[in-house]
Amino acid sequence: MAERTLDEEIALTKLRGLLFGFSVTLSIAAAAQLGIADQLANGPRTIAELARECGVLERPLYRMLRALAGEGVFSENIDGRFALTPMAELLRSDDPRSLRDWAIFLADLPYRASLELLHSLKTGESAFCKAFGAPLFEYLPAHPEYATKLFRAMSSISAARTAGLLEAYNFSGITKLIDVGGAHGAMTAAIAKRYPSIRCTCFDLPSAEQGALKTFRESGVTDRCDFAGGDFFADVPAGGDAYLLSGVLHDWGNEPCLRILRNCRRQVSNKGRLLVVDIVLSDERNVPDTYRNFLDLATLTQTEGGMERTESEFRKLVATAGFSLSRVIPTNAPQWVIEAQPQ
C-alpha cells in the first residue's frame, strides 16, 4: 500500500473530526444545560466540584469536558482543574453575547429533524415535517415548551444581530419605521432608543403583543413604539418610510417572500426604503464559511422552502417585488444589511 502524502493525512484527520460533529454539538449543549460555564465564572474548578454542583458523575463529565477542551471549549489546567476559554465564555448565561440558549435549542428540535436530511434531499420537503408530523411554525404553537426554547434561542442571537445593525447602518432621516415580523420588539426598541426622533411599529402575530409591549416598557420607549398584530402574508401596516425585515425572509421560499415584499412595496412611499437583515451567502464557489453554509442547510431541513441567499439572489428577489437593491452593508454579526429602494 502506497504511503499517504501529507495532504492525504490532513484530509483524513479533518474528515474523522467532522464525522463526530454531532457529538460536538450535543456535548456543547449538555455543558450549556448543566451551566458549566456559569460554574467556572469565578475561576477554575475540579471535576469533583463541577460534578457535585451539576448532579452528574465525575468520570463521564470529565470525559466530555476533556473532549470539549480539545476543541477549545473549556481548558484543562496542569493541576486537572477546568477553566473558561473565550469560546466557553459565550456559554455563560450572563454574557451579553451568550449562545447558551442557542446551543440548547439546536441540540433539540433542529438536531432531531436533521436526522431526516435524506428526506429533504430526495423531495425538497422539510425534514422537520417528516420528523414531527407538522411544519415548524404549526408545531410550535401546539408545543409551547419548545416555542419558549426557540424564543430564548432567538433572543440570545438577536442581540448580536441588533448590535451589528446599529453599528453598521445609519437610521437618521427615517421618521417612521415598520419592523415587519419584529416578534417581541427587541430590535424595534433598540433602534428607537438609539434614534430618539424615530417612531416605530413592531408588526407580528397578535400573540406577540404582550411581549413587545413589555420590551417597550423596559426600554423606556413606549411613547414612540407601538405594536400592530396581523399576518405579513396578507398585509403590513401603512405609513412607514422604512420597512425592516430582520431574520424573516430566510424562513421562506421565493413565492412566500414575494408576498411579504410586495405587501411592503404597496405600503412604502416612493422615496422610502426597504431594509433586510439576513445572512448573505457569497456568490463565489468553495467559500469556507461554516456558519452561514450550514445555517442554509438548517433552513432546508427545518422550514418549508426556506433558504439563505446570495447577493445576486437577493437582488433578483427584491427586483421582482418592485425594489432596486442599492447596497449590501457588512456588519460584525453573521447577518448583513440589504438596502433597497422602490423602483
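Look a little higher up for the structure.
Undergrad: So what about the overall build of the chain? Which residues, and what values?
TA: Looking only at helices and strands, one finds 17 helices and ten strands in the chain. In terms of overall dimensions, the chain has a C-alpha envelope of 65 × 55 × 40 Å along the principal axes. Put simply, 64% of the contacts in the chain that link residues at least 6 apart link residues at least 24 apart. Total accessible area computed for the chain in this model is approximately 17800 Å², and 54% of it derives from carbon and sulfur atoms.

Undergrad: Requested: an account of the packing of helix 2 (residues 21–34) against helix 5 (residues 58–70), with residues and values cited.
TA: The angle between the axes and the distance between the axes are what describe a pair of packed helices. With their axes 10 Å apart at the nearest point, helix 2 and helix 5 run at an angle of 120° to one another. By the angle between their directions, the pair helix 2 and helix 5 is classed as oblique. Pair helix 2 / helix 5 crosses with left-handed handedness. The segment helix 2 lies against helix 5, with V24, S27, I28, A30, A31 and L34 engaging L61, M64 and L68.

Undergrad: Just give me the short version of the pattern of salt bridges, but keep the residues and values in it.
TA: Tallied over the entire structure, the rule returns 14 salt bridges. In this structure, the salt-bridge partner of E9 is R4, at a minimum N-O distance of 3.1 Å. Exposure remark for R4: the relative accessible area of 39% places this residue in the partly exposed category. One salt bridge in this structure joins R292 and D289, with 3.0 Å as the shortest N-O distance. For R292, a relative accessible area of 14% translates into the label buried. Here the salt bridges share partners, and the residues they tie into one network are R45, E49 and E53.

Undergrad: Account for the packing of helix 15 (residues 254–267) against helix 17 (residues 311–320), naming residues and giving values.
TA: In contact at an axis separation of 9 Å, helix 15 and helix 17 are set at 55° when each is read in the N-to-C sense. One way to sum up the angle between helix 15 and helix 17 is to call them oblique. Crossing handedness for the pair helix 15 and helix 17: right-handed. Note on element contacts: helix 17 touches helix 15 through L317, V318 and T320, opposite N254, C257, L258, L261 and R262. Classifying every residue of the contact of helix 15 with helix 17 by side-chain character gives five nonpolar, two polar and one charged.

What counts, and where the lines are drawn
Residue positions are given per chain, counting from 1 as you read along its sequence in written order. pLDDT decides what is reported in this predicted model: residues at 70 or higher carry local features, side-chain atom pairs at 80 or more are listed and counted, and totals for whole chains, interfaces and linings draw on all residues regardless. Hydrogens are left out, water is left out, and the side-chain values use all remaining heavy atoms of the structure. Elements are defined by DSSP. Helices are runs of H or I of four residues or more, strands are runs of E of two residues or more, and each kind is numbered from the N terminus. In this description, contact between two residues means that some pair of their heavy atoms is separated by no more than 4.5 Å. To measure how exposed things are, a 1.4 Å probe is used in the Shrake-Rupley method; for residues, cover is taken only from the protein chains shown. Simply put, an axis is a line fit to the C-alpha atoms, just over the touching stretch for a helix, and the angle between two N-to-C directions goes from 0 to 180 degrees. For classification, angles of less than 35 degrees are called roughly parallel, those exceeding 145 degrees roughly antiparallel, those between 65 and 115 degrees roughly perpendicular, and all remaining angles oblique. Definitions for this section: a left-handed crossing has its near helix turned counterclockwise from the far helix by less than a right angle. A right-handed crossing has that turn clockwise. For salt bridges, the criterion is a side-chain nitrogen of Lys or Arg within 4 Å of an Asp or Glu carboxyl oxygen. The buried label applies to any residue whose accessible area, calculated with a 1.4 Å probe on protein chains only, is under 20% of its type's maximum; exposed applies above 50%, and partly exposed to all values in between. Each residue receives one of three labels: charged for Asp, Glu, Lys and Arg, nonpolar for Ala, Val, Leu, Ile, Met, Phe, Trp, Tyr, Cys and Pro, and polar for the others, Gly being one of them.

Nothing here speaks to function; it is geometry throughout.
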